[in-house]
Amino acid sequence: MSEWHYEQHGQRQAAITEAQLRSLVEQGQLSGHTLVWRMGFPNWVRLAETDLASSLPSRSSPPPLPTEPPALPGAAVSNWLIWVLAFAPVIGLMLEAFIAGARASSEYTLDYEVQLALQTNQYWYVTLLLNLGLSFWDLSRLKRAGVDTAAFGKLAFVVPVYLWKRAKALQQQPTQLWIWIACFVLTLLSTI
């Protein structure tokens, strides 16, 4: 039996048997463009130009079956968390008011201290953390659903952009984005 050498990723690979080479072709690890050589060949040739071409899958053959389940369709992905995120600016403002009220020095100045804390954005980070936490939580849920989040995963820091990209990736209307923007504007106007 003759030994075959083949090229993979620009590197010459060690000699293998013809049966091993055919197995690599059938597994899809080598293609017709792979360079091969055996004793008696003057130069490297494409695998498709040798008698091993019969091992190549025909163009009419169906693609190999996936080994992983595909992503869930957009309509099947649960959206309850994204609806909470849509109202996060208002929820965050309520949490800020609650924290300001809990930290008020006396019940007589409670209203004044809560109002002052909201107007000066004393607890702004509460709303920010809520928005970011919900975005990243939703992002992890999308990954578990099999959705490819590589295109917008880093943008979870920018909630409106994340909401837009999420809607497009799942082929949904960006309703939650518009609600988030409306809630954000309302919270800005309420602190004036």
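Above: the structure in question.
Residues numbered from 1 in each chain as written. Predicted model: local features only at pLDDT ≥ 70, side-chain atom pairs only at ≥ 80, totals over all residues. Heavy atoms only, no water.

*Asks:* Please give an account of the pattern of salt bridges that cites residues and values.
*Replies:* Taken as a whole and judged by the stated rule, the model has three salt bridges. A salt bridge links Arg22 to Glu18, with the shortest nitrogen-to-oxygen separation between them at 3.1 Å. Taken together, the residues span about one helical turn, with Arg22 and Glu18 both in helix H1 (residues 18-26) at a distance of four residues. A relative accessible area of 22% means that Glu18 is categorised as partly exposed. With a closest N to O distance of 2.6 Å, Asp138 and Arg166 form a salt bridge. Note that Asp138 is positioned in helix H5 (residues 124-144) and Arg166 in helix H6 (residues 159-169), a separation of 28 residues in sequence. The class for Asp138 is buried, based on a relative accessible area of 1%. Residue classification places Arg166 among the buried positions, given a relative accessible area of 2%. (Salt bridge = Lys/Arg side-chain N within 4 Å of Asp/Glu carboxyl O. Helix = DSSP H or I, 4+ residues; strand = E, 2+ residues; numbered from the N terminus. Buried < 20%, exposed > 50% of the residue type's maximum accessible area, 1.4 Å probe, protein only.)

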